[in-house]
Amino acid sequence: MTKPKKIILKNGLTVVTVPMKDTPTVTALVLVGTGSDYEDKSVNGISHFLEHMCFKGTEKRPTAQAISHELDALGSQYNAFTDHELTGYYAKADAKKFKKIFEIISDIYLNSTFPEAEIEKEKGVIVEEINMYEDMPHRHVQDIFGELLYGDQPAGRNIAGTKENVRKMTRTDFVKYKNAHYVPKATTIVIAGNVSNKDALIEVKKHFGSMSGGVKGKKVKTIDKQEAPKVMIKHKETDQTHFVLGFRSFDMFSKKNTTLSILGGVLGAGMSSRLFIKLREDLGAAYYVNAYNNVSLDHGVFQISAGVTNLRTQEVITEILKECKRLKDELVSEAELSKVKSFIIGNSKMSLEASDDVANFYGTQQLLKGEMKTIDEKAKEIEKITSSDIQKMAREIFIENHLNMSLIGPHKDEAKFVKILTL
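Residues numbered from 1 in each chain as written. Predicted model: local features only at pLDDT ≥ 70, side-chain atom pairs only at ≥ 80, totals over all residues. Heavy atoms only, no water.

Participant: How should I be thinking about the side chain of T14 in this particular structure?
Facilitator: Here T14 lies in strand β2 (residues 14-19). Judged by its relative accessible area of 9%, T14 falls in the buried class. (Helix = DSSP H or I, 4+ residues; strand = E, 2+ residues; numbered from the N terminus. Buried < 20%, exposed > 50% of the residue type's maximum accessible area, 1.4 Å probe, protein only.)

Written as structure tokens, this is what we have:
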């Protein structure tokens, strides 16, 4: 894989090209630096709703069916996504179809018309999407966790918004929001695959060179404070309890994140990780368990999530916290550390075999951090971490007063769970 090349156009738009001669495909990804963290409370959910509406018609392709029919006829894969701090639109196809898929994605991003009749219909779709996620405890518990951590500020609100907000949004809201945030200086275009830098840049300039707009929108800084352990429970009669345990960590610019990613690997990377063995193999109390550091522009959280047998929820939480304390008290062996490093590096490389994954890998880095490290550069950083670094990080991060837990299941007594959140 060739190293990515970055060019900034005269209008301030960033272009990233990543030629991949050994792949038959190409991915065109358009990212914009806005999401639910950039929204006022009154329009919470508009970033996500706007993403949906961009596929509902343009001046050239007036209906959703016209867009989807053309992309399907090219044999492409295409979609969009919204997060707290970015929104993306992409299409992936045979590299020979590059010019066509790029023109369509450009049209969707630049020329959406937001037909009022489609807005009204899509309101029902998004309300059902919200309902769907609320019926998925392992997914919805993450929304509750965000609310617990950040409360009534953008980072604590649902990306999809509330049903009430969705139902009252108008075409004027979409036009105003897009004009404020979908500007060249907030836009990064990534083209990864079997296309040359030259050919990619020609198409970008052709379709985006005349794009204009104002200053990139800013988000309100997230207040990230805590003085005591906190628990938030959503009572639901489920066959399994889903929970997230988390400690406040660092923003995405912190140099500590590499160490924290390895610490997460010790706890939850693969079927030989400590928590997988403890919860699944030894206790037989869980099917899945994950541990990782989740970073944002101005905050972060190290989280552990699992779905467990209802009657053993407290037992499992206690065992997880014991493993966290163990990392504070004992050095990770060289053999285990080497295994975890190899697992993380190997899986990271395998995750970059396809052009769409490569586009996301470099595009997200560039949009959010203004830099692009290769996987080999990241691997070198990982290899430098020692067992002492892991222990020092565990002692810094695993602080009882920074501990949080969200939970969905047949439970009601939050005080009972607060009592076991000890280290």
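Participant: How should I be thinking about the pattern of salt bridges in this particular structure?
Facilitator: When charged atoms on two side chains of opposite charge get close, those side chains can pair. Summed over the entire model, instances satisfying the criterion amount to 31 salt bridges. The shortest N-O distance in the salt bridge between E103 and K60 comes to 3.2 Å. With E103 in helix α3 (residues 98-111) and K60 in the loop between α1 (46-53) and α2 (64-73), the pair connects residues that are 43 residues apart, well separated along the chain. With relative accessibility at 55%, the residue K60 sits in the exposed group. With its nearest N and O atoms 3.3 Å apart, the salt bridge here joins K369 to E371. Among the residues examined, K369 registers a relative accessible area of 31% and is labelled partly exposed. Through salt bridges with shared partners, a single network forms among K60, R61, E70, K100, E103 and D107. (Salt bridge = Lys/Arg side-chain N within 4 Å of Asp/Glu carboxyl O.)

Participant: Is there a simple way to explain the nonpolar core in this structure?
Facilitator: Side chains of nonpolar character tend, in soluble globular proteins, to be buried together. Residues F174, V204 and F208 are the most contacted members of the largest nonpolar core, which totals 70 residues. Ranked by residue count, the leading element in this core is α3, at seven residues. Not counting chain neighbours up to four residues away, the residues in contact with V204 comprise L9, L13, V15, F102, I189, I191 and G209. Listed in part, the 48 residues of the second largest apolar core include F250, L267, A394 and L407. (Core = buried A, V, L, I, M, F, W, Y, C linked by side-chain atoms within 4.5 Å. Contact = heavy atoms within 4.5 Å.)

Participant: What's the story with the packing of aromatic side chains in this structure? I'm lost.
Facilitator: Any pair of aromatic rings gets described here by the distance separating the centres and the angle formed by the planes. Evaluation of the coordinates by the stated rule reveals 13 aromatic pairs. Plain terms: the ring middles of Y89 and Y182 are 6.3 Å apart, the flat faces sit at 65° to each other, and that makes the pair edge-to-face. Placement of Y89 in strand β5 (residues 87-94) and of Y182 in the loop between α7 (171-181) and β6 (187-193) is noted, with a sequence separation of 93 residues between them. Relative accessible area serves as the criterion here: at 0%, Y89 is assigned to the buried category. By relative accessible area, Y182 is classed as buried at 5%. Ring geometry for Y109 versus F208: centroids 6.1 Å apart, planes at 45°, classification tilted. Of the two residues, Y109 is situated in helix α3 and F208 in helix α8 (residues 197-208); the sequence distance between them amounts to 99 residues. When sorted by exposure, Y109 lands in the same class as F208, which is buried. Taken together, F55, Y89, F98, F102, Y109, Y182 and F208 form an aromatic cluster joined through their ring pairs. The ring of Y133 is capped by R139, whose NZ or CZ atom sits 4.1 Å from the centre of that ring. (Phe/Tyr/Trp six-rings, centres within 6.5 Å; stacked < 30°, edge-to-face > 60°. Lys NZ or Arg CZ within 6 Å of the ring centre and 35° of its normal.)

Participant: I keep staring at the environment of K100 and nothing clicks. Help me out?
Facilitator: Along the chain, K100 falls in helix α3. Classification of K100 by relative accessible area gives partly exposed; the value is 34%. With 118 residues separating them in the primary sequence, K100 and K218 have C-alpha atoms 33 Å apart. Beyond its immediate stretch of four places on either side in the chain, K100 contacts R61, E70 and L74.

Participant: Looking at this structure, how should I read the sheet that holds strand β3 (residues 25-32)?
Facilitator: What links the strands of a sheet is backbone hydrogen bonding, and the strands pair in either a parallel or an antiparallel sense. Taken in spatial order, the six strands of this open sheet run β1-β2-β6-β3-β5-β4, and their pairing is mixed. Each of the sheet's edge strands pairs with one partner strand only, and the pair in question is β1 (5-8) and β4 (77-82). Averaged over all pairs of adjacent strands, the angle between their axes in this sheet comes to 15°, without regard to strand direction. Alignment of β1 against β2, held across four bridges, turns out to be antiparallel. (Pairing = 2+ DSSP bridges. Axes fitted to C-alpha atoms, helices over the stretch in contact; angles between N-to-C directions.)

Participant: How should I be thinking about the packing of α1 against helix α4 (residues 116-134) in this particular structure?
Facilitator: To characterise two packed helices, one gives the angle between the axes of the helices and the distance between these axes. Their axes nearest at 10 Å, the elements α1 and α4 cross at an angle of 120°. In terms of axis orientation, α1 runs oblique to α4. The handedness of the crossing between α1 and α4 is right-handed. Here H48, F49, H52 and M53 of α1 lie close against α4, whose contacting residues are E118, I119, E122, K123, I126 and E129. Looking at side-chain class alone, the contact of α1 with α4 contains four nonpolar, two polar and four charged residues. (Parallel < 35°, antiparallel > 145°, perpendicular 65-115°, else oblique. Left-handed = near helix turned anticlockwise from the far one by under 90°. Nonpolar A, V, L, I, M, F, W, Y, C, P; charged D, E, K, R; others polar.)

Participant: Would you take a moment to explain the packing of helix α9 (residues 257-268) against helix α12 (residues 334-350) for this structure?
Facilitator: The geometry of α9 relative to α12 is characterised by a closest axis approach of 9 Å and an angle of 105° between their N-to-C directions. Taken together, α9 and α12 sit at an angle that is classed as roughly perpendicular. Residues S261, I262, G265 and V266 of α9 form the contact with α12, whose participating residues are E336, L337, V340, K341 and I344. In the contact of α9 with α12, the residues fall into five nonpolar, two polar and two charged.

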